[in-house]
2 protein chains.
Amino acid sequence: MLSRSDRGLAYGDGLFETLRVSADGRVPLWPRHRARMLAGARRLAIPLTEDRLERTLAARLRDHDGGAGVIKLVLTRGSGGRGYLPPERPQPTLFGQWFPFTEEPCAHLRHGVEIGLCDTVLPDDPLAGLKHLNRLPQVVARAEAGRRGWREGLLLDRHRCPVEATSMNLFAVFGDLLWTPSLERAGVAGVARGWLLDVARDQGWRVEVRARPLSHLRRADGIFLTNSIVGLLPVRKLAQWTWPVDPQVPQWQRLWQARFNH
Amino acid sequence: MLSRSDRGLAYGDGLFETLRVSADGRVPLWPRHRARMLAGARRLAIPLTEDRLERTLAARLRDHDGGAGVIKLVLTRGSGGRGYLPPERPQPTLFGQWFPFTEEPCAHLRHGVEIGLCDTVLPDDPLAGLKHLNRLPQVVARAEAGRRGWREGLLLDRHRCPVEATSMNLFAVFGDLLWTPSLERAGVAGVARGWLLDVARDQGWRVEVRARPLSHLRRADGIFLTNSIVGLLPVRKLAQWTWPVDPQVPQWQRLWQARFNH
């Protein structure tokens, strides 16, 4: 349970991470999650030590002795302060929650999913990149995608440039170029996104991280989404456009899976 | 206490109201607060009946048998759903919290306060007007105001038009014209703001609700801020600009006070 005066509830004054735990109880991408939460906490001036973060994760892993799962870590500035004004010496709240891991249907991973274009416009976010607790735009957009029966909804910014899906980052392959939107104005810098960008660069791919209009996607050899639970999820259809699954995607999916299976 | 899986914490998926309670235990502006929360709940598709809202307020008032205070009402979509996707049948969380009422210093109310211009830019908000729980921009801006020793910080949108202060709405008097920014792109439609607009219109003032650049303020006869706790708070200085307290402001302050004192 949580205090009703916690600033995480009052203002969304905090951060979260969603970690995939492998069947043998490891969190392969933990260093990336840890780095993002520590960087976000510094940005928001919420005191957090690496040690506290490690102990919180370890305690949650101990509680669930092995087995695949998902751990959500939530960090808030705790209670106190006067209204929006943060307290001078915050006593942050940090806890982990365990959720079952639900495998993405194999057909989705192989043949891709159909997604839609949300009417909800992703607003500029002064805290772009951070996985903070102000997620109403995503809730509204995800509800819209749900009503329309889409697996995911693509979000555009006010310039009609695609930024991300409601809970996944966006990628496209153009020949030997891997493209993903820049997240300077909005969006969450996903851990799987960071992993893939590093993998692709190591493999000698040209990588472009840049805002591009929606029409840019049309010419792609293939597009796909990523997040730290699913890995890479090909998109076969968006509105009137369709794409094959680019032959590179299953190769990256295998690399991803290898992180979770010994 | 609150469930750690409440969507109010997870995503800021909810709304709040901050009500001033008079010394004899009344909430003079309750119909306005109630209407705003009901409208916000409809907009977010969070089920809420007027009856439940009334009962929650009444219970909180009973607990504090008389005496001035502040009640904060928090409504969230409750727990459940899959990630951002809201549950089909939400069981909303609704509770009230009691806080002591701290009178604004008399010198502030009479002679005005000095405020500053925040570097934090208020982003566009697809849910502009609503008093929702995504308040990180206000937290960041209020911390900035605090570091600089300002009573309040003025927030501009990306067009450099003033929208509001971190927890107060903005007004300016130009002759027989009362101006306040429109809140179509960002900002909270404050209850005191709504009250004053109605009062001024009833008194025959010309009223302008419109986005204007920051430079517009320079020619004002006086500027002031409003919220439902303080009422009207004159501004005597913003950056290099100063204003007298417009003679109309004390008159509206008296009308405001009359709502809280029999």
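Residues numbered from 1 in each chain as written. Chains lettered and ligands numbered in written order. Predicted model: local features only at pLDDT ≥ 70, side-chain atom pairs only at ≥ 80, totals over all residues. Heavy atoms only, no water.

Looking up chain A in an unreviewed UniProt entry gives the name Aminodeoxychorismate lyase, with the organism given as Alcanivorax xiamenensis. What the UniProt record of chain A gives under Cofactor (unreviewed entry) is the line "pyridoxal 5'-phosphate". (UniProt positions renumbered as here; feature names shortened; annotations may be inferred.)

Engineer: Would you explain the pairing of strand β5 (residues 153–156) of chain B in this entry?
Structural biologist: When a strand is regular, its side chains alternate between the sheet's two faces. All names here are of chain B. In β5, alternate side chains face the same way, and those of Gly153 and Leu155 on one face and Leu154 and Leu156 on the other are all buried. In this structure, strand β4 (residues 113–121) lies alongside β5, joined through 3 bridges in parallel fashion. Bridge assignment links Leu117 to a residue of β5, and that residue is Leu154. Taken together, β4, helix α5 (residues 136–148) and β5 constitute a β-α-β crossover, and its handedness is right-handed. The pairing of β5 with strand β6 (residues 162–165) spans 3 bridges and is classified as antiparallel. Along β6, the bridge assignment pairs Leu154 with Ala165. (Buried < 20%, exposed > 50% of the residue type's maximum accessible area, 1.4 Å probe, protein only. Helix = DSSP H or I, 4+ residues; strand = E, 2+ residues; numbered from the N terminus. Pairing = 2+ DSSP bridges. Right-handed = clockwise from strand over helix to strand, strands pointing away.)

Engineer: What's the story with the domain arrangement of chain A in this structure? I'm lost.
Structural biologist: When the parts come together, some accessible area is lost, and that loss is often what is quoted as the size of the interface. Residue and element names in this part refer to chain A. Domain assignment breaks chain A into domain 1 (7–99) and domain 2 (106–260). Inter-centroid distance (C-alpha atoms) of domain 1 to domain 2 is 24 Å. Domain 1 puts 25 residues into the contact, and the matching count from domain 2 is 22 residues. Of the roughly 2000 Å² buried at the junction of domain 1 and domain 2 (both faces included), carbon and sulfur atoms supply 62%. Inspection of the region where domain 1 meets domain 2 yields 1 salt bridge. (Domains from an automatic or database assignment. Contact = heavy atoms within 4.5 Å. Buried area = accessible area lost by both parts, 1.4 Å probe. Salt bridge = Lys/Arg side-chain N within 4 Å of Asp/Glu carboxyl O.)

Engineer: Got a minute to help me understand unusual backbone geometry in this structure?
Structural biologist: The bulk of non-glycine residues show a negative phi, and the bulk of peptide bonds are trans. Residue and element names in this part refer to chain A. Unlike most non-glycine residues, Ala45 shows phi in positive territory, near 60 degrees. Note on placement: Ala45 falls in the loop between α2 (30–44) and α3 (50–63). Residue Ala45 is classed as exposed on the basis of its relative accessible area, which comes to 53%. Unusually for a residue other than glycine, Arg160 sits at a positive phi of about 65 degrees. The topology assignment puts Arg160 in the loop between β5 (153–156) and β6 (162–165).

Engineer: I tried to follow the relation of the copies chain A and chain B on my own but got confused; where do I start?
Structural biologist: Both copies of the chain are tied together by a single rotation about an axis and a shift running along it. Placing chain A over chain B gives an RMSD of 0.0 Å and needs a rotation angle of 180 degrees, together with 0.0 Å of translation along the axis. Look at the turn and shift together and you get a two-fold axis relating the two. Comparing interface residues between copies, 98% of those in chain A also sit at the interface in chain B, which points to an isologous, same-surface contact. (Least-squares fit on C-alpha atoms with pLDDT ≥ 70 in both.)

Engineer: I tried to follow the interface of chain A and chain B on my own but got confused; where do I start?
Structural biologist: Every contact between the two is made by 45 residues of chain A and, on the other side, 45 residues of chain B. Remark: the boundary between chain A and chain B carries 0 salt bridges. In this structure, the connection of chain A to chain B is made through 11 residue pairs in polar contact (both at pLDDT 80 or more). Those elements that provide at least two residues to the side of chain A that touches chain B are α1 (7–11), β1 (14–21), β2 (69–76), β3 (93–99) and α5 (136–148) of chain A. Per element, the largest residue contribution to the side of chain A that touches chain B is 8 residues, and it comes from α5(A). Partitioning the side of chain A that touches chain B into residue classes produces 22 nonpolar, 13 polar and 10 charged. (Polar contact = N/O pair within 3.5 Å; in protein donor to acceptor, adjacent residues only side chain to side chain. Nonpolar A, V, L, I, M, F, W, Y, C, P; charged D, E, K, R; others polar.)

Engineer: Teacher, can you tell me more about the packing of aromatic side chains here?
Structural biologist: The description of an aromatic ring pair rests on the distance of the ring centres and on the angle between the ring planes. Counting across every chain of the model gives 15 aromatic pairs over all chains. Taking the centre distance of 5.2 Å and the plane angle of 75 degrees together, the rings of Trp195(A) and Trp256(A) count as edge-to-face. On the criterion of sequence distance, the pair formed by Trp195(A) in helix α6 (residues 191–202) and Trp256(A) in helix α7 (residues 248–260) is long-range, its members being 61 residues apart. Accessibility classification places Trp195(A) together with Trp256(A) in one group, the buried group. Taken together, a centroid distance of 5.2 Å and an interplanar angle of 45 degrees make the contact between Trp256(A) and Phe260(A) tilted. Of the two residues, Trp256(A) and Phe260(A) both sit in helix α7, 4 residues apart, roughly one turn of that helix. With respect to class, Trp256(A) is no different from Phe260(A); both count as buried. An aromatic cluster is defined as three or more aromatic residues linked by ring pairs; in this entry it consists of Phe171(A), Trp205(A), Phe224(A) and Trp252(A). The residue whose ring lies beneath Lys72(A) is Phe16(A), and the NZ or CZ to ring-centre distance is 4.9 Å. The ring of Phe260(B) has Arg20(B) sitting right over it, with the charged end atom 4.2 Å from the ring centre. (Phe/Tyr/Trp six-rings, centres within 6.5 Å; stacked < 30°, edge-to-face > 60°. Lys NZ or Arg CZ within 6 Å of the ring centre and 35° of its normal.)

Engineer: Whenever I open this one, the environment of Pro47(B) confuses me. Can you help?
Structural biologist: Residue and element names in this part refer to chain B. Residue position: Pro47 is located in the loop between α2 (30–44) and α3 (50–63). By relative accessible area, which is 41% here, Pro47 ends up partly exposed. In contact with Pro47, not counting residues within four places along its chain, are Pro90 and Pro92.

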